[in-house]
Amino acid sequence: MSWLSTLRRRRFVDPLTAALYLVPAGVVIVIFRMLPIASAFFLSFFDVKMGRIRGFVGLAHYAKLGADPTFWNSLGTTAYYVAGVVPVSLFLALLAAVVLNRKIRALGFYRTVYFLPVVTSLVAVSMVWKWIFHPRLGLLNYLLERLGGGSLLWLDEPHGIFEMAATAVGWQWWPDGLAGPSLALIAVMIVAIWRGIGYNIVIFLAGLQNIPDQYYEAAKIDGASTMQIFRRVTWPLLSPTTFYVLLSTTIVSFQVFTQIYLMTGPPVGGPMGTTKVIVYYLFERGFDAGGNMGFASAVALVLFAIILSLTLFQRRIVERRVYY
Amino acid sequence: MKRIFTFGVLAVALASTVVLLAGCGGGGEEETAAIGAVKVPFWHAMGGPLGDALDELVLEFNATHPEIEVESISMGRYQALSQKIMAAVAAGEPPVLAQAYEAWTGELIENGSAEPLQGFFDGPDGLSEEDLADFVPGMLDNNTWDGVVYSFPFNKSVRALYLNKNLFEAEGLTRAPATWREYEDMARRLTKDTDGDGEIDQWGTAGQISAWMFENLLIQNGGQILTDDGKHAAFARSEGVEALEFMVRLLTKYGKVTSGYEYQNDFQAGKVGMIEGSTVSLSFMEGKYTFDMAVAPLPAGKQKGCFVAGTNVVIFAEAKQQEKEAAWKFIKWFTSPDVTARWAAKTGYVPVRMSAIESEAMAARLDEVEGLREVLAQLEFASYEPRSAAWYAGRKHLEEGAVEGALRQILTPKEALQGSAEAVEAEFLGVVPM
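Just so you know, these numbers come straight off a predicted model, no measurement behind them.

> Got a minute to help me understand the overall build of chain A in this structure?
For chain A, the count of helices and strands is 14 helices and two strands. A principal-axis box enclosing the C-alpha atoms of chain A has dimensions of 80 × 70 × 35 Å. A total of 324 residues make up chain A; the buried ones form 41% of that total. Contacts spanning at least 24 positions in sequence make up 66% of the contacts within chain A whose residues lie at least 6 apart. Separation between the mean location of the 26 positive side-chain charges and that of the 14 negative ones in chain A comes to 11 Å.

> Explain the sheet that holds strand β8 (residues 203-207) of chain B here, please?
Residues and elements named next belong to chain B. Ordered by their spatial adjacency, five strands build an open sheet running β9-β8-β10-β7-β11, and the pairing between neighbours is mixed. Among the strands making up the open sheet, the edge pair consists of β9 (255-257) and β11 (293-296). Mean inter-strand twist for the sheet, computed between neighbouring axes without regard to direction, equals 25°. Across the sheet, helix α8 (residues 180-190) is in contact with β7 (159-164), β8 and β10 (272-278); its angle to β10 comes to roughly 135°.

> Got a minute to help me understand the domain arrangement of chain B in this structure?
Frequently, the measure chosen for interface size is the accessible area that the parts lose on association. Residue and element names in this part refer to chain B. Each domain of chain B was delimited in the assignment, giving domain 1 (32-157 + 309-376) and domain 2 (159-308 + 382-428). Each of domain 1 and domain 2 has a C-alpha centre, and these two points are 29 Å apart. Counting residues at the interface gives 30 residues for domain 1, matched by 23 residues for domain 2. Each partner contributes to the roughly 2,100 Å² buried at the junction of domain 1 and domain 2, and carbon and sulfur atoms together form 62% of this total. The tally of links from domain 1 across to domain 2 stands at two salt bridges. There are nine residue pairs in polar contact (both at pLDDT 80 or more) connecting domain 1 and domain 2. Sort the elements by how many residues they give to the side of domain 1 that touches domain 2 and helix α4 (residues 102-110) lands first, with four residues.

> How should I be thinking about the interface of chain B and chain A in this particular structure?
Contacts between the two partners involve 30 residues from chain B, matched on the other side by 31 residues from chain A. Here chain B and chain A share seven salt bridges between them. The partner of Glu427(B) in a salt bridge is Arg285(A), and the shortest N-O contact between them spans 2.8 Å. Counting across the interface, chain B meets chain A through 13 residue pairs in polar contact (both at pLDDT 80 or more). Counting residues per element, the side of chain B that touches chain A draws most heavily on helix α18 (residues 389-407) of chain B, which supplies eight residues.

> Where do I start with the environment of Ala344(B) in this structure?
Residues and elements named next belong to chain B. Here Ala 344 lies in helix α14 (residues 337-347). Placed 65 residues apart in sequence, Ala 344 and Thr 279 show a C-alpha to C-alpha distance of 9.5 Å. Dropping the residues within four chain positions of it, Ala 344 is found in contact with Tyr 349, Val 350, Pro 351 and Met 362.

> Is there a simple way to explain the layout of surface pockets in this structure?
Rolling a probe over the atoms, with the probe sized like a water molecule, indicates the empty space that remains. Of the voids in this model, the second largest pocket is the one considered here, and its volume is about 1,100 Å³. Along the walls of the second largest pocket sit 35 residues, with Asn73(A), Met272(A), Gly273(A), Thr274(A) and Leu411(B) positioned nearest its centre. Of all the secondary-structure elements, those providing two or more residues to the lining of the second largest pocket are α4 (69-100) of chain A together with α18 and α19 (413-428) of chain B. Top element by residues in the lining of the second largest pocket is α4(A). It accounts for seven residues. Residues of the lining of the second largest pocket, tallied by class, amount to 11 nonpolar, 17 polar and seven charged.

> Just checking my understanding: could you explain empty space enclosed by the protein for this structure?
All names here are of chain B. Overall, the coordinates contain one cavity of 30 Å³ or more when judged by the stated rule. Residue lining of the largest cavity: Thr 279, Leu 282, Ala 344, Ala 345, Gly 348, Tyr 349, Met 362, Arg 365, Leu 372 and Leu 376, and that is the complete set. Looking at the lining of the largest cavity, the elements with two or more residues in it are α14, α16 (360-368) and α17 (372-376). Partitioned by chemical class, the residues of the lining of the largest cavity number seven nonpolar, two polar and one charged.

> Can you help me understand α4(B) in this one?
The α-helix winds at 3.6 residues per turn, so residues separated by three or four positions along the chain end up facing the same way. α4(B) sits mainly inside the fold: seven of its nine residues count as buried. Following α4(B) by one or two positions, Gly112(B) has its phi on the positive side, about 75°.

> Would you mind going over the domain arrangement of chain A with me for this structure?
For chain A, the assigned domains are domain 1 (2-43) and domain 2 (68-321). Each of domain 1 of chain A and domain 2 of chain A has a C-alpha centre, and the two are 37 Å apart.

> What am I meant to see in the pairing of strand β1 (residues 38-44) of chain B here?
Regular strands have side chains that alternate between both faces of the sheet. β1(B) sits mainly inside the fold: six of its seven residues count as buried. Running through helix α2 (residues 48-64) of chain B, the crossover from β1(B) to the neighbouring parallel element strand β2 (residues 68-74) of chain B is right-handed.

> Would you mind going over unusual backbone geometry with me for this structure?
The bulk of non-glycine residues show a negative phi, and the bulk of peptide bonds are trans. Even without a glycine there, the phi angle at Trp154(A) is positive, about 50°. Examined against the element boundaries, Trp154(A) turns out to sit in the loop between α7 (139-146) and α8 (161-168). Its identity as a non-glycine residue notwithstanding, Gln409(B) has a phi of 55°, on the positive side. Take Gln409(B): it is sitting in the loop between α18 and α19.

Conventions used here
Residues numbered from 1 in each chain as written. Chains lettered and ligands numbered in written order. Predicted model: local features only at pLDDT ≥ 70, side-chain atom pairs only at ≥ 80, totals over all residues. Heavy atoms only, no water. Helix = DSSP H or I, 4+ residues; strand = E, 2+ residues; numbered from the N terminus. Buried < 20%, exposed > 50% of the residue type's maximum accessible area, 1.4 Å probe, protein only. Contact = heavy atoms within 4.5 Å. Lys, Arg positive; Asp, Glu negative; His and termini not counted. Charge placed at Lys NZ, Arg CZ, Asp CG, Glu CD. Pairing = 2+ DSSP bridges. Axes fitted to C-alpha atoms, helices over the stretch in contact; angles between N-to-C directions. Domains from an automatic or database assignment. Buried area = accessible area lost by both parts, 1.4 Å probe. Salt bridge = Lys/Arg side-chain N within 4 Å of Asp/Glu carboxyl O. Polar contact = N/O pair within 3.5 Å; in protein donor to acceptor, adjacent residues only side chain to side chain. 1 Å grid on protein atoms, 1.4 Å probe; cavity = no way out; pocket = protein on both sides within 12 Å on 5 of 7 lines; lining within 4 Å. Points joined across faces, edges and corners; volume = space filled by probe spheres on them. Nonpolar A, V, L, I, M, F, W, Y, C, P; charged D, E, K, R; others polar. Right-handed = clockwise from strand over helix to strand, strands pointing away.

Here it is, written out as structure tokens:
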């Protein structure tokens, strides 16, 4: 096998071996990720109906998109959703992970409980929560009434929560633009947070366990308080994990679809379109009767551009504060 | 050893899945399936009592036509049906026969996937001039594109007023409202606090958020949905604003707006004087109320008016010639006076043939349901909704935006309609009208 050792001496085999190892994953990624993205880009300049390309339309889909108030509404709805779900989910997951990282009793039980929603079918979860939120028969309103509160419409409530709060404290007037996300959207967000939290806890736990004990011991010897230890040791050393969780939760939140499809309406995206997120808008435009895959592809690309630029922004700005 | 065990488990799981699937697939039709019969997969969205009624007729057709086997396949709801049809056409494997709204048929024609039916009823197994003239006026026109009939009316309905006669009589009301003014007046009189606790517990009327109700009021008020060229919204003009104002007044002052079909349950429970519904609501309410009920045509505004709703059937161009012929036989049979009358009597859909209204099967039904004859008479002046794909998408804006916003009293009827009209204009932007 002298040729092999010759090759090895010339550092030829190692890149080749590496390439061979990369082939399986590479093929899958190219076929199922790259090619669809490229074809979506291509199709967004054409009319595509029922699987057939009907003609080149240039940037017409993008122009129509910009002129469609429903598109802008769905973008705003998605922004509310992301702005609500990401910080709350991060905060709660971190809190739970820090607690679960201690040597408490029945640790395994709690870890399982928090992870259970993640492994449960999202369809089943959505149907159960839909019942919990039901205005007349739901568990939540039952509990609220038991506690002496009034019942709420939840998934049927199109009013913005800020506006509802203002009305509740007796204000007669509230600017339309500041009504906030509808209570219906908040209900969907609650489910998303509840469901996603277990996954983030696991990631945070892994991050926490990677922090060497010496730092904690040193801090304790120096007489640091629990809060100081968290702020000066845990938080900075956990920052790579936090950054990853931030990125992945943001991306996943932009792509929310299943809960919206199953929990809202009829019609889906209701009440009054206040839960029509961008991916559902895309779905409707592509798959409903009269749908145009070219137009839906344009929506997908706009969403892609938004997520990409946000991720780049996070890498440029937020990553400066990450300690590796 | 372990591997063998795993394989065993997998094999058992796979086998039981196959068995289960086979069990599900057969439905109830296998006993009538003749060997060598032409199979006609029929995709539809009929469920509940409607699905049962359809399956029964399909079985009867298969039994009387041994050379054909129509396979009734329910997709549950219209949205799912449309998505399956569009995906199946894109994949090149559509069924032979399917229910379709006019907007879908328009899309299918554009794609070359809808078989013109004209050839069949001009052909040897066709329909005579007499037969064609017997169809409810306007129904065939509504299935005609550029002078060619592409689809046939299948399950069509109109709106009707359902009255609780006991509550009416208790109030000294002897007949259904004939005008908007009477409609509002009677609803007001039927709205009552029966036990004196300061809360209203009997409502004049009730309803859900429905673009269809608004469209009917719009046309009764002399308005129109789209401009004459079909490319712009016209529903936000003053006729539309008045119609929506009337609808809001009626349903929020003297009535209740419920989500879904809860208003129908409240009516069945005797808590509501009258409700609007589709003629099909009859089959869903059957046997669920204890009072004397009557139906009546919609009250007139400036004029009488109603929109026909419901779908048609299309045959797919991709099917084999003998499958198409078999599908046509089914359509012809289903829309024959006797069968359409039985379908109508059972489901509440309107018969598609005028002679069916006078048939024996229908006579019993007309005796049974007071006022049904007058409700069906609305077909003589019935209108049909715009058929373009842009309007199909635009209609959602009308329902989700204008009607919902106004009924929830978040927007005034005027601003609600203007907002929806803008969204509808956006729908028409860049869309080639059919």
